[in-house]
Amino acid sequence: MEPCDKSTRGTEITLWIDDDNKEYLEQSRIDMLLKKYCRFLPVPVVSGKEQEWKDGKYEDTDRDKVINSTEPAWTRKPADLTDEDYRNFYHELYPGQEDPLFWIHLNVDYPFNLTGILYFPKIKSNLDIRKDRIQLYCNQVYVTDQVEGVVPEFMMLMQGVIDSPDIPLNVSRSYLQADQQVKKISSYISKKVAEKLDRMFRDNRAEFEKKWNDIEVFIKYGMLTDEKFYDAAGKFFLLRDISDRYYTLEEYRTLVEATQTDKDGDGVYLYATDRTAQYSYSRGAEEKGYNVLLLDGQLDQHLIQMLESKLGKTRFVRVDSDVVDNLIPKADRKSVDLSAAQRDILTTLFNSQLPKVENAQFFVNFEAMTEKDAPIIITQNEYMRRMKEMAAMQPGMNFYGEMPDSYSLIVNTENPIIKKVASEADGALAAKVQPMMDSVNANNEKITALRDKDKDGKPSDEDSKEIEALQAANNTSREEQTKLIADYASAQPVVGQLIDLALLGNGMLRGADLSRFITRSLSLL
């Protein structure tokens, strides 16, 4: 510092810019920095003069160019602002974006000072958690747009401004998250958001339901990550069924309590994740008098796990995870009237005609449904499917993610077509297959007897050779049996047709397999 001669009061500060940073002498660069950090300062900030287009170029006028708004919307009373004022301020903060769905004006002076406006933008299908949506100010001075710890994580989906002189600045993020005052501010914001949503629900439920598709991601994310918000959201959280009817959790429990309680007293909430792909399963459930929810959001698998743990004695079951009679077990199931030989024949019969589906394995099962039910239904186990879906979203679950998709090919033994197929196969194959099965069973009994001869479970060398010979004979018999049944099945187009129809109904028949199905269908007409 050095003395100088001045005729007016005040201090002049001269900044020297090196050659590498000359951009900071450009008016546009200066204006950009001022607008970012001084945009809402409570005193006017002048940066040059206003310009006008004159004689083919811009020329300075006598008017000062004030680059800030000294009274932004959040500093004014809500009663003094119209909806248009709130929307204009939103577009001032975020130019080019659609109008927000609604907003919350924060204004509290005890036990801490906090003002601000938070907006609910339209959230697209992808869950975009960005860290720069909310701007933090201290007495209208811009501080940061990194507000983790100041607001709950799920509110990173919101946009707007928070202004508080009580938030400690220039400290580490870990310190900020541990600060008691910050925790109170975070809890207060979460509470005000929940109160706003509850008020909207109570004041105009029909309008709230119209907005549900735009706000459900926010609400579900909040319920998953904030315990207090979950408790508050129970009043306005909605479940939607495949007919686009909406229910609160309590309303839905009352709706399905009489019809969707299993034999153990657990409530069963059926759901679909794809209204179109699972249409036939949903229709079958509705024909039984059941209601089917639509849970097709990217957070819904996590939400299902949480609701099952919170609600108690409640299970969520996807509508295509089993045949409709098994989705909500009411009593002991009707037994399947098939002998061991018939089961073996039919299992091999259908297995041999299954096309290769990438990353999928099928297991043939038998159920005695009604004669009106489809001859073959393909289902996917609820537990395994959930594990694979969770593995796709969470690290550390690669074991499940790398496993092939597991499906049950359920054969309806009461369907007239299946009865005809079984009867014809039994007549054509039983006389040849039964001796092979008897031979395998007899050899297995011999193997067991040889292993039981020695008390320590280790057969002698002679016995080991005999066991190996018997096992080889069994393998030969099984291979001959499989070939015999497969050759028969390949000459029965109805078997492949039934399988392909089930695969087609699940969107799993593609490429060459689909082409063969079309050709076969035409030949059967």
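Refer to the structure printed above.
Residues numbered from 1 in each chain as written. Predicted model: local features only at pLDDT ≥ 70, side-chain atom pairs only at ≥ 80, totals over all residues. Heavy atoms only, no water.

(A) Quick peek at the pairing of strand β12 (residues 314–318). With four of five residues buried, β12 is to be regarded as a mostly interior element. Bridge count for strand β10 (residues 267–272) against β12 is five bridges, and the pairing is parallel. The residue bridging Val268 from the neighbouring strand is Arg315, located in β12. (Buried < 20%, exposed > 50% of the residue type's maximum accessible area, 1.4 Å probe, protein only. Helix = DSSP H or I, 4+ residues; strand = E, 2+ residues; numbered from the N terminus. Pairing = 2+ DSSP bridges.)

(B) Spatial organisation of the environment of Pro42. Along the chain, the position of Pro42 falls in the loop between α1 (27–37) and β1 (46–54). Since its relative accessible area comes to 43%, Pro42 is described here as partly exposed. Leave out the neighbours within four places in its chain, and Pro42 touches Thr70, Asn139 and Gln140. (Contact = heavy atoms within 4.5 Å.)

(C) Fine view of the nonpolar core. Of all hydrophobic cores here, the largest spans 61 residues; its most connected members are Ile189, Val193, Leu197, Phe208, Phe218, Ile219 and Phe229. Counting residues per element, this core draws most heavily on helix α4 (residues 180–203), which supplies nine residues. Ala272, Phe366, Met369 and Tyr407 belong to the second-largest nonpolar core, a separate cluster that totals 54 residues. (Core = buried A, V, L, I, M, F, W, Y, C linked by side-chain atoms within 4.5 Å.)

(D) Inspection of the layout of surface pockets at higher detail. Of the voids in this model, the largest pocket is the one considered here, and its volume is about 520 Å³. What lines the largest pocket is a set of 26 residues, and nearest its centre among them are Ser280, Gly284, Asp373, Ala374 and Ile377. Those elements giving two or more residues to the lining of the largest pocket turn out to be α8 (279–287), α10 (324–327), β14 (376–380) and α16 (493–505). Residue contributions to the lining of the largest pocket peak at six residues, all from α8. Each residue belonging to the lining of the largest pocket can be placed in one class, and the counts come to 15 nonpolar, five polar and six charged. (1 Å grid on protein atoms, 1.4 Å probe; cavity = no way out; pocket = protein on both sides within 12 Å on 5 of 7 lines; lining within 4 Å. Points joined across faces, edges and corners; volume = space filled by probe spheres on them. Nonpolar A, V, L, I, M, F, W, Y, C, P; charged D, E, K, R; others polar.)

(E) Summary view of the packing of helix α11 (residues 340–352) against helix α15 (residues 461–490). Here α11 crosses α15 at 60°, and the two axes come no closer than 9 Å. Crossing hand, α11 versus α15: right-handed. Along its contact with α11, which presents Asp344, Ile345, Thr348, Leu349 and Ser352, the element α15 presents Gln481, Thr482, Ile485, Ala486, Tyr488 and Ala489. Residues that form the contact of α11 with α15 fall into these classes: six nonpolar, four polar and one charged. (Axes fitted to C-alpha atoms, helices over the stretch in contact; angles between N-to-C directions. Left-handed = near helix turned anticlockwise from the far one by under 90°.)

(F) Quick peek at the sheet that holds strand β13 (residues 360–367). With mixed pairing, the three strands of this open sheet are ordered in space as β13-β15-β14. What marks the edges here is a single partner per strand, and that holds for β13 and β14. Taking each pair of neighbouring strands and ignoring which way they run, the sheet shows an average axis angle of 30°. Of the pairings in the sheet, the one linking β13 to strand β15 (residues 405–412) comprises eight bridges and is parallel in character. Note that in β15 the partner of Phe363 across the bridge is Ser408. Strands in contact with α16 are β13, β14 and β15; relative to β14, the strand with the most contacts, it is inclined by about 45°.

(G) Up close: the sheet that holds β12. Strands sit in the order β11-β10-β12 across an open sheet of three strands; the sheet is parallel. Each of the sheet's edge strands pairs with one partner strand only, and the pair in question is β11 (292–294) and β12. Adjacent strand axes in the sheet meet at a mean angle of 40° when their direction is disregarded. Note: β10 against β11, three bridges, orientation parallel. Across the sheet, Leu270 pairs through a bridge with Val292, a residue of β11.

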